[in-house]
Number of protein chains: 2
Amino acid sequence: MKIVSLEHPSKLLFVESLDYNNPYDFTKIHKHDYFEILFIQKGGGSQLIDDQRFKLEDLSIFMIQPGQVHLLNRDLAEGKIVQFGKDIFAHMFPLEFHHLLFKQPKVEISETDFFHLYSLIEHMDKIIKEEGASSMAIFKSYSYLQIILIHLIEKHNVTQTKNTKLAARFLELLSVHIKDKRNVVDYANMLYVSVDTLNYHCKLNFGKTPLNLINEEVVKETKRLMLLGTHSIVEIGYELNFNSPSNFSSFIKKNTGKTPKQLNIDIKSII
Amino acid sequence: MKIVSLEHPSKLLFVESLDYNNPYDFTKIHKHDYFEILFIQKGGGSQLIDDQRFKLEDLSIFMIQPGQVHLLNRDLAEGKIVQFGKDIFAHMFPLEFHHLLFKQPKVEISETDFFHLYSLIEHMDKIIKEEGASSMAIFKSYSYLQIILIHLIEKHNVTQTKNTKLAARFLELLSVHIKDKRNVVDYANMLYVSVDTLNYHCKLNFGKTPLNLINEEVVKETKRLMLLGTHSIVEIGYELNFNSPSNFSSFIKKNTGKTPKQLNIDIKSII
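Quantities reported herein were computed from a predicted structural model and do not represent experimental measurements.

About the criteria used
Residues numbered from 1 in each chain as written. Chains lettered and ligands numbered in written order. Predicted model: local features only at pLDDT ≥ 70, side-chain atom pairs only at ≥ 80, totals over all residues. Heavy atoms only, no water. Helix = DSSP H or I, 4+ residues; strand = E, 2+ residues; numbered from the N terminus. Rg over C-alpha atoms; globule rule 2.2 N^0.38 Å. Buried < 20%, exposed > 50% of the residue type's maximum accessible area, 1.4 Å probe, protein only. Contact = heavy atoms within 4.5 Å. Areas by Shrake-Rupley, 256 points an atom, 1.4 Å probe, with all protein chains shown as cover. Pairing = 2+ DSSP bridges. Buried area = accessible area lost by both parts, 1.4 Å probe. Salt bridge = Lys/Arg side-chain N within 4 Å of Asp/Glu carboxyl O. Polar contact = N/O pair within 3.5 Å; in protein donor to acceptor, adjacent residues only side chain to side chain. Axes fitted to C-alpha atoms, helices over the stretch in contact; angles between N-to-C directions. Phe/Tyr/Trp six-rings, centres within 6.5 Å; stacked < 30°, edge-to-face > 60°. Lys NZ or Arg CZ within 6 Å of the ring centre and 35° of its normal. Core = buried A, V, L, I, M, F, W, Y, C linked by side-chain atoms within 4.5 Å. Domains from an automatic or database assignment. Nonpolar A, V, L, I, M, F, W, Y, C, P; charged D, E, K, R; others polar. Expected span 1.5 Å × (residues − 1). Arc of directions from axis to C-beta. Parallel < 35°, antiparallel > 145°, perpendicular 65-115°, else oblique. Left-handed = near helix turned anticlockwise from the far one by under 90°.

Let's shift gears to the overall build of chain A. Assigned secondary structure in chain A consists of 9 helices and 10 strands. Scaling as 2.2 N^0.38, a compact globule of 271 residues should have a C-alpha radius of gyration of about 18 Å, and chain A matches this with 19 Å. Seen through its C-alpha atoms, chain A measures out along the principal axes to roughly 60 × 40 × 35 Å. Relative to its full complement of 271 residues, chain A shows a buried share of 51%. In chain A, 71% of the contacts between residues at least 6 apart in sequence involve partners at least 24 apart. Total accessible area on chain A is roughly 12400 Å²; 49% of this is exposed by carbon and sulfur atoms.

Quick look at the structure:
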């Protein structure tokens, strides 16, 4: 499976025009190992993020997370793409990357806010590309990014509880370990809390048990692998560490109501 | 002599109009225990900073440092004052308040830059004064301030030597790796220099050894984690890779003169 990395490995943060000359074939479905925020100034075209299709409308903003499946059909859309690696969060305060594990890729924002953030991106871009900038200039660009990210997070999490952090950290671990770990107790151990505590916070924040969330993540990853089209169904089952194709099949049946084969056909029809 | 403190003790950062109704008699010479940056949009009047008098000219910027003597004769000048306490630097990266110990209070800046910074101040002001803002909004305002400060620092340090860069890069690595790496040799290796070279440049730039700076960073990170309030003291010790709570405790005692518990109480009082 093709996983795309940042084009400029020495830079944790980069801004591109929406119509930039991609270094990889973006007309093929792919995954990134970095974050992308798309600021669509002028609409046109559409994109696929995991199994959801979004129209690229005027003044819309999308967040694509590492590991999500992505396919951009830009058409006439214009705008900017902000790309950054997870490691950038070591330079930020008080953000951590799990703040960005949004439930929905699309962020709703007012026109005024859009244009303010857009102007910040332009300044950020100028700083990043400036020749002979000071050694501190890069941190100025990170500060611009932090403003943008907090703004988007605020739009997403209108009500933030104290406990959001544990729950969010669980989602973060999920996305990293989903292929190997499927027991709630494994995650509770990694978070230094009891299974009961993890249960409590997941229900409070997401209205779901940790096991529900684990199973959902397995289904999501299955769909991603199907969308990427590089694995057979049997291979997907092994990639996700099921003991046998029939175990995988009954898991998918139970959690989606479809056989893997049906799911694969349905999911491919959206591309 | 009167030493003036921030008017809103619960806020580390505040923006006022230049013609605001001072809570103290500013026609008498005074000292602040906080920083002030004056952005003069429309000139008029003059001010005394320590033993220098400055005319308030159109589009001029002045930095008044804690402890400096100040007397403002505003006359018809218009603009904005950004006020902030030293403690704000606990929330910033990678700035420290010593970055702002300018040799000259006046900062020369282009008209374009002035108006960009001025618009950032307006956004910052709006965030600070917004009712019912999110718990993260305050950090957005700090990010705006960080952009402004780095900009002013850059204007001030026109010539930066090669050696500043190595020392600055060391500080940058420190902040990224402080949780795992505490040996000077690890950092020297990452910088492709010898321990002696790193020692030399740290002493030259900061008057401190790399080990001093490593220990300071551990203390800073401890304070940040305390401020975040998501970890118990024992958890902070483990997060920072101390072998045991007692090792952590004696490290903090040695480097701050306080027990972790005392430090935690003191640090929380600044929020």
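More follows now that the structure is in view.
We now examine the pairing of strand β9 (residues 78–84) of chain B. Residues and elements named next belong to chain B. Here β9 lies mainly inside the structure; 6 of its 7 residues are buried. Sheet topology note: the strand β2 (residues 13–17)/β9 ladder contains 5 bridges and is antiparallel. Residue pairing across strands places L13 opposite F84, the latter belonging to β9. As paired elements, strand β4 (residues 35–42) and β9 share 7 bridges and run antiparallel to each other. Within β9, the residue paired with K42 across the bridge is E78.

This part takes up the interface of chain B and chain A. Taken together, the contact between chain B and chain A spans 32 residues of the former and 25 residues of the latter. Contact between chain B and chain A buries roughly 2700 Å² in total, counting both sides, with carbon and sulfur atoms accounting for 68%. The largest per-residue losses of area from chain B upon contact with chain A belong to M136, K140 and I147 of chain B, which jointly make up 23% of the total buried on that side. One can count 2 salt bridges joining chain B with chain A. The interface formed by chain B and chain A holds 9 residue pairs in polar contact (both at pLDDT 80 or more) in total. Secondary structure elements with two or more residues in the side of chain B that touches chain A: α1 (111–129), α2 (137–156), α3 (162–177) and α6 (210–228) of chain B.

Now for the sheet that holds strand β8 (residues 69–73) of chain A. All names here are of chain A. The sheet built from 5 strands is open, its strands ordered β1-β3-β8-β5-β6 with mixed pairing. Edge positions in the open sheet fall to β1 (3–4) and β6 (52–55), since each of these has one partner strand only. For strand β5 (residues 46–49) and β6, the ladder comprises 4 bridges, and the chain directions are antiparallel. Residue L48 lies in a different strand from β6, and its bridge partner there is R53. Against the sheet, helix α6 (residues 210–228) makes contact with β3 (30–32), β5 and β8, and its axis sits at roughly 125 degrees relative to β3, the strand it touches most.

We now examine the packing of aromatic side chains. Going through the model one piece at a time under the given rule, you end up with 22 aromatic pairs over all chains. Geometrically, the ring pair formed by F114 of chain B and Y118 of chain B is stacked, given 5.5 Å between the ring centres and 20 degrees between the ring planes. You can see F114 of chain B and its partner Y118 of chain B sitting in helix α1, 4 residues apart, about one turn around the helix. The class for F114 of chain B is buried, based on a relative accessible area of 0%. Residue classification places Y118 of chain B among the buried residues on the basis of a relative accessible area of 6%. Among the aromatic residues, those joined into a ring-pair cluster are F39, F114, F115 and Y118 of chain A. Directly above the ring of F242 of chain A sits R182 of chain A, whose terminal nitrogen or CZ lies 4.4 Å from the centroid.

Another point: the nonpolar core. Formed by 80 residues in total, the largest nonpolar core has its most connected members in F39, F84, F89 and L149 of chain A together with F39, F84 and L149 of chain B. Those residues in contact with F84 of chain B that lie beyond four places of it in its chain are L6, L12, L13, Y34, F35, I37, F89, L100, L145 and L149 of chain B. Judged by nonpolar contacts, the second largest core, of 33 residues, contains I178, A188, L213 and L225 of chain A.

Looking now at the domain arrangement of chain A. Residues and elements named next belong to chain A. If you check the domain split of chain A, you get domain 1 (3–156) and domain 2 (164–268). Of note, the centres of domain 1 and domain 2, computed from C-alpha atoms alone, are 26 Å apart. On the domain 2 side, the residues contacting the 14 residues of domain 1 number 13 residues. For the pair domain 1 and domain 2, the two sides together bury roughly 1200 Å², of which 65% comes from carbon and sulfur. Considering only the side of domain 1, the residues that lose the most area to domain 2 are K31, D51 and H98, jointly responsible for 37% of the buried surface there. There are 3 salt bridges connecting domain 1 and domain 2. Across the pair E221 and K31 runs a salt bridge whose closest N-O atoms are separated by 2.7 Å. Summed over the shared surface of domain 1 and domain 2, the result is 3 residue pairs in polar contact (both at pLDDT 80 or more). Here the residues of the side of domain 1 that touches domain 2 are counted per class, giving 5 nonpolar, 4 polar and 5 charged.

Residues and elements named next belong to chain B. End to end, helix α5 (residues 195–206) covers 16 Å across 12 residues, agreeing with the expected 16 Å (1.5 Å per residue, within 8%). For α5, the set of buried residues is L198, H201 and C202. Projected down its long axis, α5 carries its buried residues within an arc of 100 degrees, all on one side. In this structure, α5 carries D196, Y200 and L204 as exposed residues pointing more than 90 degrees from its buried face. Just downstream of α5, G207 is the residue with a positive phi angle, here 65 degrees.

The subject of this paragraph is the packing of α6 of chain A against helix α9 (residues 260–268) of chain A. Residues and elements named next belong to chain A. Put simply, α6 and α9 touch, their axes get as near as 9 Å, and they point 60 degrees apart. Comparing their axes, α9 and α6 come out oblique. The hand of the α6/α9 crossing is right-handed. Contacts from T222, K223, M226 and L227 in α6 reach P260, L263, N264, I267 and K268 in α9. Looking at side-chain class alone, the contact of α6 with α9 contains 5 nonpolar, 2 polar and 2 charged residues.

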